[in-house]
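Tertiary structure, described
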Amino acid sequence: PGEAVAVPALPRAETASETFELVATAGAGEVVIYLDRFATNEPVPDARVVVETPQGSVEAKGAGDGIYRLAAPWSASPGRYDLIATVTKDSDADVLAFTLD
């Protein structure tokens with residue numbers, strides 16, 4: 001049998017509202033956001049996702065199927081980052097706060 005290899009876990013955060021559920025992971029200078037409907041777990045494509053970061057307000061770019069990517073050079077430094085995402089999709093809008101450690 002092969003040896004087990006320890007892989008460091010990426011910083012990860014989850015947050016939800018009545019409308020949306022957001023999961024974020026940080027790694028390689030990027031934050032990847034997975035956005036879905038809270039009630040159905042259905043991915044939410046084509047939403048506007050703007051995140052308040054240590055470097056100001058940044059809009060995440062849609063990567064298809066409810067996945068959004070955000071350049072985050074600050075995430076390469078260890079630390080605790082309190083972030084706020086404003087999600088807008090059609091007539092739904094929510095503010096979701098989360099922390100990456």
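Everything discussed here concerns the structure shown above.
Read on for a plain summary of the structure. (Residues numbered from 1 in each chain as written. Predicted model: local features only at pLDDT ≥ 70, side-chain atom pairs only at ≥ 80, totals over all residues. Heavy atoms only, no water.)

Our next topic: the pairing of strand 4 (residues 48-53). Relative to strand 8 (residues 81-89), strand 4 runs antiparallel, the two sharing five bridges. Looking at the pairing, Glu52 lines up with Ile84 of strand 8. Strand direction decides the pairing type here: strand 4 and strand 5 (residues 56-59), joined by four bridges, are antiparallel. When the sheet's bridge partners are listed, Val51 is paired in strand 5 with Val58. Between strand 4 and strand 5, which pair antiparallel one after the other, the connecting turn spans two residues. (Pairing = 2+ DSSP bridges. Helix = DSSP H or I, 4+ residues; strand = E, 2+ residues; numbered from the N terminus.)

Moving on to the side chain of Thr53. Assignment of secondary structure puts Thr53 in strand 4. According to the relative accessible area criterion, Thr53 is buried, its value standing at 11%. Among the polar contacts listed, one links the side chain of Thr53 to the backbone oxygen of Gly56, at a separation of 2.8 Å. When neighbours within four sequence positions are excluded, Thr53 is seen to be in contact with Val58, Leu70, Trp74 and Leu83. (Buried < 20%, exposed > 50% of the residue type's maximum accessible area, 1.4 Å probe, protein only. Polar contact = N/O pair within 3.5 Å; in protein donor to acceptor, adjacent residues only side chain to side chain. Contact = heavy atoms within 4.5 Å.)

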